[in-house]
Amino acid sequence: KNEVEQSPQNLTAQEGEFITINCSYSVGISALHWLQQHPGGGIVSLFMLSSGKKKHGRLIATINIQEKHSSLHITASHPRDSAVYICAVMEYGNKLVFGAGTILRVKS
Amino acid sequence: DAGVTQSPTHLIKTRGQQVTLRCSPISGHKSVSWYQQVLGQGPQFIFQYYEKEERGRGNFPDRFSARQFPNYSSELNVNALLLGDSALYLCASTTRSGYEQYFGPGTRLTVT
């Protein structure tokens, strides 16, 4: 079993829909990252969370430390949101462990 | 301020050869981490360096080695290349706390 599990693996949405991507982890962590990766490989850090909730524009990330679960929400989705979204947990010792990613496609 | 830079962007090597990948962190960042991302999978942790010392190593064979220089730039070396080493190699520089990760654009290595 992978230490970081994401769901769904693939997601297709219509423009304007509300999107949720889930991440569950099995190890103790000091922080959790949500990352965005576009075709070509470049990775951008969206959020780093250690508790609670963060919001940036149309993106919202939440984490429940007790349940070892985090969600990334995208409101009013747009085709430019199409990308791979990766959950990564920071284990104690500063080692990042990544999920396999969720491939999101938003159709206009 | 320039972000994390990596060179080269793309690289094609033959099995058995050796390769060196380079990374320059964001100015002021003293920690560099290396990751391997095979097509269709999430990245895997290879190494972390802080202040020129190895602080973490992932589950990779000894063919993989790295070092960090006094200016905090870093090199990743892979010897005796295998087809399975074909991947995107990502470098990330971090703040002193090691929490905020800033990724470079990656080096795409193809081994034929």
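Right, let's walk through the structure included here. The structure presented is a predicted model; accordingly, all values stated were derived computationally and were not measured.

The subject of this paragraph is unusual backbone geometry. That bond from Ser7 of chain A to Pro8 of chain A is cis: its omega, -5 degrees, falls within 30 degrees of zero. Considering the arrangement of structural elements, one finds Pro8 of chain A in the loop between strand S1 (4–7) and strand S2 (10–14). For the peptide bond that leads from Ser7 of chain B to Pro8 of chain B, omega is -10 degrees, which places it in the cis range. Of note, Pro8 of chain B is situated in the loop between strand S1 (5–7) and strand S2 (10–13). In this structure, Lys68 of chain A is a non-glycine residue whose phi angle is positive, near 55 degrees. Since its relative accessible area comes to 30%, Lys68 of chain A is described here as partly exposed. Residues other than glycine seldom take positive phi values, yet Tyr72 of chain B does so here, at roughly 75 degrees. Tracing the chain through its elements places Tyr72 of chain B in the loop between strand S7 (64–68) and strand S8 (74–78).

For the coordinates displayed, the defined rule picks out two disulfides over all chains. A disulfide bridge connects Cys23 of chain A with Cys87 of chain A, and the sulfur atoms are separated by 2.0 Å. Its S-S torsion of approximately -60 degrees makes the covalent link between Cys23 of chain A and Cys87 of chain A left-handed. In this pair, Cys23 of chain A sits in strand S3 (residues 19–25) while Cys87 of chain A sits in strand S9 (residues 83–91), placing the two residues 64 residues apart along the sequence. No difference in accessibility class separates Cys23 of chain A from Cys87 of chain A, as the two residues are buried. Between the sulfur atoms of Cys23 of chain B and its disulfide mate Cys91 of chain B the distance is 1.8 Å. Measuring the twist about the S-S bond at about -55 degrees, one finds the Cys23 of chain B-Cys91 of chain B disulfide to be left-handed.

Let us now look at the side chain of His29 of chain B. Residues and elements named next belong to chain B. Its location among the elements puts His29 in the loop between strand S3 (19–24) and strand S4 (31–37). On the basis of relative accessible area, His29 is assigned to the buried category, the value being 11%. There is a polar contact of 2.7 Å between the side chain of His29 and the side chain of Ser93.

This paragraph deals with the interface of chain A and chain B. The interface of chain A with chain B comprises 19 residues on the first partner and 17 residues on the second. Here chain A and chain B share an interface that buries about 1500 Å² over both sides, 58% of which is from carbon and sulfur atoms. At the junction of chain A with chain B, the criterion picks out zero salt bridges. Remark: the boundary between chain A and chain B carries one residue pair in polar contact (both at pLDDT 80 or more). Among the elements of the structure, strand S4 (29–37), strand S5 (43–49), S9 and strand S10 (95–98) of chain A are those that each provide at least two residues to the side of chain A that touches chain B. It is S4 of chain A that contributes the most residues to the side of chain A that touches chain B, four residues altogether. For the side of chain A that touches chain B, the per-class residue count stands at eight nonpolar, 10 polar and one charged.

Once that is clear, we can look at the sheet that holds strand S7 (residues 59–64) of chain A. The strands making up a sheet associate through hydrogen bonds between their backbones, and the pairing can be parallel or antiparallel. Residues and elements named next belong to chain A. A sheet is described by the order of its strands in space; here five strands give the open sequence S1-S3-S8-S7-S6, paired in antiparallel fashion. Edge strands, defined here as strands with exactly one partner in the open sheet, are S1 and strand S6 (52–56). Mean inter-strand twist for the sheet, computed between neighbouring axes without regard to direction, equals 15 degrees.

Right, let's talk about the nonpolar core for a bit. Among the nonpolar cores identified, the biggest contains 24 residues, and Leu32, Trp34 and Val89 of chain A are the most heavily contacted of them. Going through the elements one at a time, S3, S4, S5, S7, strand S8 (69–74), S9 and strand S11 (102–107) of chain A are the ones with two or more residues in this core. Discounting residues that sit within four places of it in the chain, Leu32 of chain A has contacts with Cys23, Tyr25, Phe47, Met48, Leu49, Ile63, Ser70, Cys87, Ala88 and Val89 of chain A. Membership of the second largest hydrophobic core comes to 22 residues, among which are Val19, Leu21, Phe60 and Leu76 of chain B.

Calculation notes
- Residues numbered from 1 in each chain as written.
- Chains lettered and ligands numbered in written order.
- Predicted model: local features only at pLDDT ≥ 70, side-chain atom pairs only at ≥ 80, totals over all residues.
- Heavy atoms only, no water.
- Helix = DSSP H or I, 4+ residues; strand = E, 2+ residues; numbered from the N terminus.
- Buried < 20%, exposed > 50% of the residue type's maximum accessible area, 1.4 Å probe, protein only.
- Disulfide = S-S within 2.5 Å.
- Polar contact = N/O pair within 3.5 Å; in protein donor to acceptor, adjacent residues only side chain to side chain.
- Contact = heavy atoms within 4.5 Å.
- Buried area = accessible area lost by both parts, 1.4 Å probe.
- Salt bridge = Lys/Arg side-chain N within 4 Å of Asp/Glu carboxyl O.
- Nonpolar A, V, L, I, M, F, W, Y, C, P; charged D, E, K, R; others polar.
- Pairing = 2+ DSSP bridges.
- Axes fitted to C-alpha atoms, helices over the stretch in contact; angles between N-to-C directions.
- Core = buried A, V, L, I, M, F, W, Y, C linked by side-chain atoms within 4.5 Å.

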